[in-house]
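# Structural overview
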Amino acid sequence: MLTLSGVHTIGKARCSIFRSRLYNESNMDSAYATPLKKNCPSVGGDDNLSPLDGTDNLFDTTYFKDLVDSKGLLYSDQVLFNNASTDSQVQAYSVNSASFFSDFRDVMVKMGNLGSAPGTVQEIRSKCKKINTS
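Residues numbered from 1 in each chain as written. Predicted model: local features only at pLDDT ≥ 70, side-chain atom pairs only at ≥ 80, totals over all residues. Heavy atoms only, no water.

The chain goes by peroxidase in an unreviewed UniProt entry, where it is assigned to Dipteronia dyeriana. The Function (unreviewed entry) comment attached to the chain in UniProt states, word for word, "Removal of H(2)O(2), oxidation of toxic reductants, biosynthesis and degradation of lignin, suberization, auxin catabolism, response to environmental stresses such as wounding, pathogen attack and oxidative stress. These functions might be dependent on each isozyme/isoform in each plant tissue." Taken from UniProt, the Catalytic activity (unreviewed entry) comment for the chain reads in full: "2 a phenolic donor + H2O2 = 2 a phenolic radical donor + 2 H2O". (UniProt positions renumbered as here; feature names shortened; annotations may be inferred.)

Shown next as structure tokens:
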């Protein structure tokens, strides 16, 4: 699961998703938090977006580097490097992109080989948030 979380190196999150972490947690780098607070006020701006890592359009290891530097946007991300059993792996990925890329590839192949539960109907959604119609 830690390796799969590396997909958060791409994309953005809505203010309403990370506001609580931004205003209520002490394990966020203050220099990182300051501009986030301008984009995500304590009230309002729920749909304002912020990047999940410092290079939100590149698939790289910045996500892991940011966690080491207490710059995880989401609580569920920063908890991976917060005196946790996963700290050493986050640290390793933050300095060894080849290892992360190799592990990510292997995990994606394993997930692709998983079958669906018997008797379930599966679909690939054209928009992740909505069930396909028609």
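Helix and strand content of the chain: seven helices and two strands. Secondary structure elements in the chain, listed N-terminal to C-terminal, are α-β-α-α-β-α-α-α-α. Taken along the three principal axes of its C-alpha coordinates, the chain extends 50 × 40 × 25 Å. Burial statistics for the chain: of 134 residues in total, 31% are counted as buried. A total accessible area of about 8,600 Å² is found for the chain, and carbon and sulfur atoms account for 56% of it. (Helix = DSSP H or I, 4+ residues; strand = E, 2+ residues; numbered from the N terminus. Buried < 20%, exposed > 50% of the residue type's maximum accessible area, 1.4 Å probe, protein only. Areas by Shrake-Rupley, 256 points an atom, 1.4 Å probe, with all protein chains shown as cover.)

Once that is clear, we can look at the pattern of salt bridges. For the coordinates displayed, the defined rule picks out five salt bridges. Across the salt bridge formed by D106 and R105, the nearest N and O atoms sit 3.1 Å from each other. Take D106: its relative accessible area is 36%, and that puts it in the partly exposed class. (Salt bridge = Lys/Arg side-chain N within 4 Å of Asp/Glu carboxyl O.)

Under the local residue numbering, the UniProt record ascribes the feature "binding site: Ca(2+)" (unreviewed entry) to T9, D53, T55 and D60. Spanning 52 residues, the annotated positions come together in the fold, the maximum distance between their C-alpha atoms being 9.9 Å. By the element assignment, D53 lies in the loop between strand 2 (49–51) and helix 4 (62–68). For D53, the contacting residues outside a window of four places in its chain are H8, T9, D60, T62, Y63 and D66. Side chain to side chain, D53 and T9 meet in a polar contact 2.7 Å long. Among the secondary structure elements, D60 is positioned in the loop between strand 2 and helix 4. Assessed through its relative accessible area of 15%, D60 is described here as buried. In contact with D60, other than residues within four places in its own chain, are T9, D53, T55, F100 and F101. Side chain to side chain, D60 and T9 meet in a polar contact 2.7 Å long. (Contact = heavy atoms within 4.5 Å. Polar contact = N/O pair within 3.5 Å; in protein donor to acceptor, adjacent residues only side chain to side chain.)

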